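Survey of secondary and tertiary structure
This is what each chain is made of:
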Amino acid sequence: MNYATGPIVACSTCLQGNAGLAVLRLSGFDSLDSLQSFFDKPVSKFTPRKQIHLNLLSNTKEVLDDVLVTYFPTPFSFTGENVLEISLHGNIVHVERIISFIVNQFSFSRAQPGEFTYRAFKNGKLNLAQVEGLDLLLSADSNFLFEQGLSQLNGELYLKYHQLYKSLLEFTASVELSIDFSDDVGEEQIKNLQHKHLKKIHSDISHLEKRCLTPIGSLLEPSIVLYGLPNAGKSTVFNYLVADERSIVSSIEGTTRDYISESLLLDLGRVRLIDTAGLRDGVDVIEQEGIKRSHFQINNAFFKILIVNPHSHFENKFNDVDIDLIIFTHADTPDFKSKFSNLRSQFSASIPMVLWGQVEGGSMGADRSSGPMGANIDFGSIGAQLFDGSIGPDIFYGDILHIINTLAGYKYDILTKNKPVLVARQRELIIDLSVKINKFVDLFNTIDDIAVISSELSLIVNVSQELIGVFTPDDVLHHIFNNFCIGK
Ligand SMILES: Nc1nc2c(ncn2[C@@H]2O[C@H](COP(=O)(O)OP(=O)(O)OP(=O)(O)O)[C@@H](O)[C@H]2O)c(=O)[nH]1
Ligand SMILES: [Mg+2]
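Attention in this report is confined to the structure presented alongside it. (Residues numbered from 1 in each chain as written. Chains lettered and ligands numbered in written order. Predicted model: local features only at pLDDT ≥ 70, side-chain atom pairs only at ≥ 80, totals over all residues. Heavy atoms only, no water.)

1. Quick notes on the coordination of the magnesium ion (ligand 2)
Counted only if it meets this: Metal donors: N, O and S atoms at distances within 2.8 Å, or within 3.2 Å for Na, K and Ca, with water omitted from the atom set so that some sites may seem incomplete. Helical segments are the DSSP runs of H or I of at least four residues, strand segments are the runs of E of at least two, and each set is numbered from the N terminus. Relative accessibility under 20% of the residue-type maximum defines a buried residue, over 50% an exposed one, and the middle range a partly exposed one, all with a 1.4 Å probe and only protein chains included.
Donor atoms from the polypeptide that coordinate the magnesium ion (ligand 2) comprise Ser 235 (OG) and Thr 256 (OG1), at 1.9 to 2.0 Å from the metal. On the criterion of sequence distance, the pair formed by Ser 235 in helix H8 (residues 234-242) and Thr 256 in the loop between H8 and strand E8 (260-266) is long-range, its members being 21 residues apart. Just as Ser 235 is buried, Thr 256 falls in that class too.

2. Some details on the site of ligand 1
As a reminder, the rule being used: When at least one non-hydrogen atom of a residue lies within 4 Å of a molecule or strand, that residue is treated as near it. Polar contact is the term for a pair of N or O atoms within 3.5 Å; when the atoms are in protein, one must be able to donate a hydrogen and the other to accept it, and sequence-neighboring residues count only if both atoms are side-chain atoms. Only the protein chains shown count as covering a residue, and every accessible area follows the Shrake-Rupley method with a 1.4 Å probe. Note that Gly is not counted as nonpolar here; it falls among the polar residues with everything else outside the nonpolar set of Ala, Val, Leu, Ile, Met, Phe, Trp, Tyr, Cys and Pro and the charged set of Asp, Glu, Lys and Arg.
For ligand 1, the set of nearby residues contains 25 residues, the closest of which are Lys 234, Ser 235, Thr 236, Gly 254 and His 330. Here His 330 contributes a backbone N or O atom positioned 2.8 Å from an oxygen atom of ligand 1. Considered on its own, ligand 1 offers 650 Å² of accessible surface; in the complex 89% of this is hidden by protein. Class assignment of the residues belonging to the shell around ligand 1 gives a composition of seven nonpolar, 15 polar and three charged.

3. A word on the packing of H8 against helix H11 (residues 400-416)
In plain terms, the rule: For helices, the fitted line uses only the C-alpha atoms of the stretch in contact; every axis is such a line through C-alpha atoms, and the angle between N-to-C directions lies from 0 to 180 degrees. Oblique is the label for any angle not under 35 degrees, not over 145, and not in the 65 to 115 range, which are roughly parallel, roughly antiparallel and roughly perpendicular in turn. Any pair of residues with heavy atoms lying within 4.5 Å of one another is described as a contacting pair.
Contact geometry of H8 with H11 gives a least axis separation of 10 Å together with a crossing angle of 85°. By the angle class used here, H8 and H11 are roughly perpendicular. Residues Val 237, Tyr 240 and Leu 241 of H8 pack against Ile 400, Leu 401 and Ile 404 of H11. Split by residue class, the contact of H8 with H11 holds six nonpolar, no polar and no charged.

4. As for the nonpolar core
Just so we agree on the cut-off: We define the nonpolar core as a collection of buried residues of types Ala, Val, Leu, Ile, Met, Phe, Trp, Tyr and Cys that are connected through side-chain atoms lying within 4.5 Å of one another. Annotation comment: domain bounds sourced from an automatic or database domain assignment.
Residues Ile 224, Ile 305 and Ile 327 are the most contacted members of the largest nonpolar core, which totals 35 residues. Looking at this core, the elements that each hand over two or more residues are helix H4 (143-153), strand E7 (223-228), H8, E8, strand E9 (269-275), strand E10 (303-308), strand E11 (325-328) and H11. Among the elements that line this core, the one with the most residues is H11, at seven residues. Both domains that meet at this core, namely domain 2 (131-214 + 422-468) and domain 3 (222-402), each give it at least three residues. Contacts of Ile 327, omitting those with residues within four sequence positions, involve Val 237, Ile 305, Leu 306, Ile 307, Val 308, Val 354, Trp 356 and Ile 400. Core analysis: the second largest hydrophobic core is formed by 30 residues, Leu 35, Val 69, Ile 102 and Phe 108 among them.

5. Some points on helix H12 (residues 424-446)
Let me state the cut-off plainly: Given the number of residues in a helix, its expected span is that number minus one, multiplied by 1.5 Å.
Taking 1.5 Å as the rise per residue, H12 with 23 residues should run 33 Å; its terminal C-alpha atoms sit 33 Å apart, in good agreement. Along H12, the positions that sit buried rather than exposed are Arg 425, Gln 426, Arg 427, Leu 429, Ile 430, Leu 433, Ser 434, Ile 437, Phe 440, Val 441 and Phe 444.

6. As for unusual backbone geometry
Residue Thr 74 is joined to Pro 75 through a cis peptide bond whose omega torsion reads 0°. Inspection of the secondary structure puts Pro 75 in the loop between strand E4 (63-72) and strand E5 (83-89). The phi dihedral of Arg 49 is positive, around 65°, even though this residue is not glycine. Tracing the sequence through the fold places Arg 49 in the loop between strand E2 (21-27) and strand E3 (51-57). Although it is not a glycine, Lys 61 sits at a positive phi angle of roughly 70°. Summarising the element assignment, Lys 61 is placed in the loop between E3 and E4.

7. Details of the side chain of Thr 276
Residue position: Thr 276 is located in the loop between E9 and helix H9 (285-300). Residue class for Thr 276 comes out buried when judged on its relative accessible area of 0%. Side-chain polar atoms of Thr 276 contact the backbone oxygen of Leu 226, separated by 2.6 Å. Not counting residues within four places of it along the chain, the set of residues in contact with Thr 276 comprises Val 225, Leu 226, Tyr 227, Lys 234, Thr 256, Tyr 259 and Ser 294.

8. Thoughts on the sheet that holds strand E1 (residues 8-11)
Worth spelling out the cut-off: DSSP bridges decide pairing: two strands pair if at least two such bridges lie between them.
Ordered in space as E3-E4-E5-E2-E1-E6, the six strands form an open sheet in which the pairing is mixed. Edge positions in the sheet fall to E3 and strand E6 (109-110), since each of these pairs with one other strand and no more. Looking at chain direction, E1 and E6 are connected through two bridges and run parallel. Paired with Val 9 across the bridge in E6 is Arg 110. Of the strands in this sheet, E1, E2 and E6 are in contact with helix H2 (residues 115-122), which crosses E1 at around 130°.

9. What about empty space enclosed by the protein?
Operational definition: Points on a 1 Å grid, built from protein atoms alone, make a cavity when a 1.4 Å probe fits but cannot get out and make a pocket when they are open with protein on both sides within 12 Å along at least 5 of 7 lines; residues with an atom within 4 Å of a point are the lining residues. Grid points are joined across faces, edges and corners, and a volume is the space filled by probe spheres set on the points.
Under the defined criterion, the tally for this structure stands at two cavities of 30 Å³ or more. In this structure, the largest cavity occupies an estimated 50 Å³ of space. Together, Leu 136, Gln 148, Ser 151, Gln 152, Glu 156, Leu 157, Arg 211, Lys 419, Pro 420, Val 421 and Leu 422 line the largest cavity. Mapped onto the lining of the largest cavity, the elements with two or more residues apiece are H4 and helix H5 (156-180).

10. Re the pairing of E8
Where E8 lies against E9, seven bridges are found, and the strand directions are antiparallel. Along E9, the bridge assignment pairs Leu 266 with Gly 269. Linking E8 to E9, which pair antiparallel, is a turn of two residues.

11. A look at the packing of helix H3 (residues 128-139) against H4
Applicable threshold: Rotating anticlockwise by less than a right angle from the far helix to the near helix defines a left-handed crossing, while the corresponding clockwise rotation defines a right-handed one.
Packing of H3 against H4 brings their axes to within 7 Å, and their N-to-C directions diverge by 155°. Regarding the angle of H3 to H4, the classification is roughly antiparallel. Taken as a pair, H3 and H4 cross one another with a handedness that is left-handed. Here Ala 129, Gln 130, Glu 132, Gly 133, Leu 134, Leu 136 and Leu 137 of H3 come into contact with H4, specifically with Leu 145, Phe 146, Gln 148, Gly 149, Leu 150, Gln 152 and Leu 153. Among the residues making up the contact of H3 with H4, the classes are represented as eight nonpolar, five polar and one charged.

So this is what it looks like as structure tokens:
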């Protein structure tokens, strides 16, 4: 982290291309007077937190742009320093020209990634948990992640951490009490007090620990994987879902050698849909590597879809716990019904199943809205007349995208119901706290040496301090702030 000490400037809106507006953020300048030559209105007219409409001027008094400026005087700003936000026209070349002008004319530095937030943190405007919440919110791919980021930014977790920290300090004080005043305060009284505090701490930590048990990898970047044996129809289903001939489809086993992913927008937010290499043994090293990678994707996906072609020899070697949905392909082919009926019993009755097939004469793929056979046939579903409902109530008919949307959304809701702690740093510290407190409870109940108890306790207090950011090692800070992008 190599942050400047003087004033900094950056564009805080995402400028991937030309846009209507861009917002520049300037922070850390001594006074508005130093920037007077940049504006065609006197800075004495600027009212804090109210927009003012003016022209930006070059040093030869030419108009650079027609803008809106908002002034946030220290300490009532995002960074705690004097801040200006300038809304200007969002042409990339123009934005760059204005930033260069500010850098050269007024000796500003270009802000590094996360530098504004770092200043906010250093100046006590945000605590570390809030910084991490902001990071979560700004990079959230799902509504849930955004909401979690927002609630963390609003201090939901920080309050819990702080409450824990306070309990630990109170407990420490009661231990100190037994060291310093053991002659004056009754032993019984002290023990009661200490047990009460320890119980509270233990329960607070256990409660937080429960929120760290959901695997977060699968929540932060939710992915849905299609897996199964070679030739099952994975790539065919994948292409249908992403509405593009993205994956190569062929009747040759082992066509997909490495996994392929595409973004899919569902109700829960943006997910990665992954097509994997067919799982089989005894293949060449390249395909083995592809299969290894596929396993990694399967393990990490929060929603796993097994694709089965009932015409191929199939033995269920998959762990049923890991199957969220089974799609049986080739439902359009003769004999499908009997083959499928034989296969079904290999799976737990509680796993949802979809029957899916190519409509004869239609090409697999792109146009979901009408379907290759016209309006009456919903491509991706199988006509109900094929099965007459005799197959059972847990077989879904209808568009598979819709079914996946519903089931994946449902599972995501279950996984996120307990509001898991999402920031890896906090999770690690909470797990550490939990291990330490469990050990400590044993120690406290078995030994009487107050000096040993006190020193063990101080280790726990240190971890809780790190959790609320009273003490945070530099490399941890570096990691957190580097994750941000420029302008944040
Ligand atoms: N009739 C019919 N053919 C299908 C269906 N699904 C897939 N196929 C065909 O089955 C063959 C294999 O399909 P793929 O999608 O390439 O299978 P895959 O599971 O990706 O196979 P690998 O990449 O080798 O693991 C292709 O010829 C597809 O056209 C279906 O529902 N009905
Ligand atoms: Mg394939």
